[in-house]
Amino acid sequence: MSLVIIGSVAFDTIETPKERREKIVGGSGTYCALAASYFTRPKLVAVVGDDFPGDVIAFLKKRKVDLRGLEIVQGGKTFHWQGRYGTDPNQRETVRTDLNVFRGFRPEIPPSYKKADILFLANIDPDVQESVVRQVAKPRLTAMDTIGLWINTKREALLRVLRQVDIFFANDEEVRMISGERNLIAAGKKILEMGPSFVVLKKGEHGALILGRNRVFGILAYPCENVVDPTGAGDSFAGGFLGYLDKVGTFTWPEIKRAAAYGSALASFTIEDFGIDRFKTLRLREIEERFFRFRRNASF
Ligand code: AMP
């Protein structure tokens, strides 16, 4: 099996009520690929400038992330995003977005990526997501994520991509914005009519809800007292979820539920430290421990 991820590899400036970190490494593709790397060898499609640190590239390679799809633009500056969290970690404000090398980015997919079993379109410009869908032979499973910015500014392109995916990862606000429905179940149902077979509603520190046609499954977030930096939780959830499905190779309902538990476990580790730092020490054994604790907590 193979998992291809298209997303951002970024510099993030993060402000939490306790601390501020300037230009640390983040990005939807980075978090997703690192989380998936515990189950499979993800192939990453992204772009950075030549200001991007070599030691992070070496770290991604050490985690067996395939970087043949990572374009490094000589003289270019890496995408930069700045976010601020208040006391509620589920609420964040985008302070600034510098597109830099993202401007006009049209990825060219390496030949070895074109027969992906699973394709994940992480949060990035929907025009870029669409250009990737066009270049890849129909995968067994396609999933996507997005943010309010694209729903507001590129709705038509986003709806075209949505029509072609099997799984849509989104938060409450995003499903409401797309569907125009306030009630989350009604909103989810409306999105199921727009293309996907499943909507994975990410609910931050409250967990996630998977909505399918006539099916629903809820998973708690791992109870975490020390949330250092919530950035990347959603991408890590998707990475753990899809990485696990790529490993098992079947997309049955019981496997989707297990995938959600792995996704939740990965998200819970990411937020324990700033940026991608927690991945530097994280071992599969720790992920398995949380997975089995989820299973014990969920049975009664
Ligand atoms: P998450 O916390 O999982 O929603 O994802 C946070 C990541 O999304 C950060 O590391 C950012 O670099 C990345 N990000 C934020 N805005 C954008 C954008 N407009 N396009 C691509 N990636 C973005």
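As the structure is a computational prediction, the values presented were derived from the model and not from experiment.

S.K.: It is not clear to me how the pairing of strand E3 (residues 20-26) should be interpreted in this structure. Could you clarify?
M.R.: Put simply, side chains in a regular strand alternate between the two faces of the sheet. The sheet contact formed by strand E2 (residues 10-15) and E3 spans five bridges and is antiparallel. Paired with Asp-12 across the two strands is Ile-24, which belongs to E3. In this structure, the hairpin formed by E2 and E3 is closed by a connection of four residues.

S.K.: Help me understand the state of the cysteines, please; the structure alone is not making it clear to me.
M.R.: Simply put, disulfide is the name for a covalent bond between the sulfur atoms of two cysteines. Within the structure shown, the criterion is met by zero disulfides. Here Cys-32 is not cross-linked by a disulfide; its sulfur's nearest cysteine counterpart is in Cys-224, at 20 Å. Assessed through its relative accessible area of 24%, Cys-224 is described here as partly exposed.

S.K.: Got a minute to help me understand the packing of helix H6 (residues 172-179) against helix H7 (residues 184-192) in this structure?
M.R.: Two quantities define a packed helix pair, namely the angle between the axes and the distance from one axis to the other. In contact at an axis separation of 9 Å, H6 and H7 are set at 60 degrees when each is read in the N-to-C sense. One element, H6, and the other, H7, form an angle in the oblique class. Considering only the axes of H6 and H7, their crossing is left-handed. Here Asp-172, Val-175, Arg-176, Ile-178 and Ser-179 of H6 lie close against H7, whose contacting residues are Leu-184, Ala-187, Lys-190 and Ile-191. Looking at the contact of H6 with H7 residue by residue, the class counts come to five nonpolar, one polar and three charged.

S.K.: Just to check I follow, could you spell out the layout of surface pockets for this structure?
M.R.: Rolled over the atoms, a probe sized like a water molecule indicates the empty space that remains. The space that makes up the second largest pocket amounts to roughly 340 Å³. The set of elements that each furnish at least two residues to the lining of the second largest pocket consists of strand E13 (215-219), helix H9 (253-270) and helix H10 (284-298). Grouping the constituent residues of the lining of the second largest pocket by class yields 11 nonpolar, two polar and three charged.

S.K.: How should helix H1 (residues 28-36) be read in this particular structure?
M.R.: Quick reminder: α-helices carry 3.6 residues per turn. Residues three or four places apart thus point the same way. Counted residue by residue, H1 has nine buried out of nine residues, so it is predominantly covered. What H1 keeps buried is the set Ser-28, Gly-29, Thr-30, Tyr-31, Cys-32, Ala-33, Leu-34, Ala-35 and Ala-36.

S.K.: Help me out: how do you make sense of the site of the ligand in this one?
M.R.: Among the 20 residues in the neighbourhood of the ligand, the closest are listed as Ser-8, Asp-12, Gly-27, Gly-232 and Asp-235. In this structure, an oxygen atom belonging to the ligand sits 2.5 Å away from a side-chain N or O atom of Asp-12. Within the side chain of Arg-92, an N or O atom sits 2.9 Å from an oxygen atom of the ligand. In isolation the ligand exposes 510 Å². Once the protein is present, 94% of that is buried. Elements supplying a minimum of two residues to the shell around the ligand: E2, H1, helix H4 (148-153) and helix H8 (233-248).

Analysis parameters
Residues numbered from 1 in each chain as written. Predicted model: local features only at pLDDT ≥ 70, side-chain atom pairs only at ≥ 80, totals over all residues. Heavy atoms only, no water. Pairing = 2+ DSSP bridges. Helix = DSSP H or I, 4+ residues; strand = E, 2+ residues; numbered from the N terminus. Disulfide = S-S within 2.5 Å. Buried < 20%, exposed > 50% of the residue type's maximum accessible area, 1.4 Å probe, protein only. Axes fitted to C-alpha atoms, helices over the stretch in contact; angles between N-to-C directions. Parallel < 35°, antiparallel > 145°, perpendicular 65-115°, else oblique. Left-handed = near helix turned anticlockwise from the far one by under 90°. Contact = heavy atoms within 4.5 Å. Nonpolar A, V, L, I, M, F, W, Y, C, P; charged D, E, K, R; others polar. 1 Å grid on protein atoms, 1.4 Å probe; cavity = no way out; pocket = protein on both sides within 12 Å on 5 of 7 lines; lining within 4 Å. Points joined across faces, edges and corners; volume = space filled by probe spheres on them. Near = heavy atom within 4 Å. Polar contact = N/O pair within 3.5 Å; in protein donor to acceptor, adjacent residues only side chain to side chain. Areas by Shrake-Rupley, 256 points an atom, 1.4 Å probe, with all protein chains shown as cover.

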